[in-house]
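Working through the structure, step by step
Now for the letters of each chain:
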Amino acid sequence: SQQGEEDPQALSIQEGENATMNCSYKTSINNLQWYRQNSGRGLVHLILIRSNEREKHSGRLRVTLDTSKKSSSLLITASRAADTASYFCATDDEGGTSYGKLTFGQGTILTVHP
Amino acid sequence: DAGVTQSPTHLIKTRGQHVTLRCSPISGHKSVSWYQQVLGQGPQFIFQYYEKEERGRGNFPDRFSARQFPNYSSELNVNALLLGDSALYLCASSLVGGSLSYTFGSGTRLTVV
């Protein structure tokens, strides 16, 4: 089963605009990660935020985490056509019964028009 | 240094057949995890192996099995294939079992007809 939901399911923007994707989850977590996937290929790790962190930056990426609301957001600033991909959040559940298990959301499909 | 390698890239099987998918982790990585990604959904956890032992199992039927070899490569086996098993199967490797950092392969696209 999917841990959470991502919003929106699809996002279409122009190059240079910012893109914001949101993720909600259900259980307590150790950390939350964001991944990118191009055209049904492998997942590329973008950024990890621990449960005791509230915000993290990496290049054009900004991630926030609100554990009280069980939600996270990924902001991509100054988007480029090459950012077109599906973006997934994944949680490493605190006290999970399956060792080393990541639980993924449904994903947001981002399209950046040149 | 090579990344996570999965083979084959694409595969077409008939209902009822058996399939074996292979994964070679990054050199030095001792843990391999398997995920199933059905079209339009996020990946779902199937198994994790660490030091050749099963350390985690997702909610999949017994038709799904896996193993890890002494060189830390892994195989995922699926018996009695169903149409619903059509998916992208992803392998991820990490240094240790409870790692924070996972590297994914490009996946095997399995189509069951």
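Here's a quick rundown of the structure.

Scoring rules and cut-offs
- Residues numbered from 1 in each chain as written.
- Chains lettered and ligands numbered in written order.
- Predicted model: local features only at pLDDT ≥ 70, side-chain atom pairs only at ≥ 80, totals over all residues.
- Heavy atoms only, no water.
- Core = buried A, V, L, I, M, F, W, Y, C linked by side-chain atoms within 4.5 Å.
- Buried < 20%, exposed > 50% of the residue type's maximum accessible area, 1.4 Å probe, protein only.
- Helix = DSSP H or I, 4+ residues; strand = E, 2+ residues; numbered from the N terminus.
- Contact = heavy atoms within 4.5 Å.
- Pairing = 2+ DSSP bridges.
- Axes fitted to C-alpha atoms, helices over the stretch in contact; angles between N-to-C directions.
- Disulfide = S-S within 2.5 Å.
- Phe/Tyr/Trp six-rings, centres within 6.5 Å; stacked < 30°, edge-to-face > 60°.

Residues and elements named next belong to chain B. Among the nonpolar cores identified, the biggest contains 22 residues, and Trp 34, Ile 46, Leu 76 and Tyr 89 are the most heavily contacted of them. Mapped onto this core, the elements with two or more residues apiece are strand E3 (19-24), strand E4 (31-37), strand E5 (44-50), strand E7 (64-68), strand E8 (74-78), strand E9 (87-94) and strand E11 (108-112). Apart from residues no more than four positions distant in its own chain, Ile 46 is found in contact with Trp 34, Tyr 35, Gln 36, Gly 56, Arg 57, Gly 58, Phe 60, Phe 64, Leu 76 and Tyr 89.

The next subject is the sheet that holds strand E8 (residues 71-76) of chain A. All names here are of chain A. The strand order across the open sheet formed by 5 strands is E1-E3-E8-E7-E6, and the pairing between neighbours is antiparallel. The open sheet is flanked by strand E1 (5-7) and strand E6 (55-58), the only strands paired with a single partner. The sheet shows a mean angle of 15° between the axes of neighbouring strands, direction not considered. By the bridge criterion, 6 bridges tie strand E3 (residues 19-24) to E8 in an arrangement that is antiparallel. When the sheet's bridge partners are listed, Thr 20 is paired in E8 with Leu 75.

Next up on the list: the state of the cysteines. Counted by the stated rule, this structure contains 2 disulfides over all chains. Disulfide partner of Cys 23 of chain A: Cys 89 of chain A, at an S-S distance of 2.0 Å. A torsion of 70° about the S-S bond marks the disulfide between Cys 23 of chain A and Cys 89 of chain A as right-handed. Here Cys 23 of chain A, found in strand E3, pairs with Cys 89 of chain A, found in strand E9 (residues 85-93); they are 66 residues apart in sequence, far enough to count as distant. Since its relative accessible area comes to 2%, Cys 89 of chain A is described here as buried. The partner cysteine of Cys 23 of chain B in its disulfide is Cys 91 of chain B, sulfur to sulfur 1.8 Å. Between Cys 23 of chain B and Cys 91 of chain B, the disulfide has an S-S torsion of -60° and is therefore left-handed. Residue Cys 23 of chain B is located in strand E3, and its partner Cys 91 of chain B is located in strand E9; the two are separated by 68 residues in the primary sequence. You'll find Cys 23 of chain B and Cys 91 of chain B in the same group, each marked buried.

For the coordinates displayed, the defined rule picks out 9 aromatic pairs over all chains. Centroid distance Tyr 35 of chain A to Phe 104 of chain B: 5.4 Å. Interplanar angle 80°. Geometry classified as edge-to-face. Here Tyr 35 of chain A is found in strand E4 (residues 29-37), whereas its partner Phe 104 of chain B is found in strand E10 (residues 103-104) on a different chain. Here Tyr 35 of chain A falls in the buried class, since its relative accessible area comes to 0%. Classification of Phe 104 of chain B as buried rests on a relative accessible area of 8%. One aromatic cluster is present, formed by Tyr 35, Phe 88 and Phe 104 of chain A together with Tyr 35, Phe 45 and Phe 104 of chain B through successive ring pairs.

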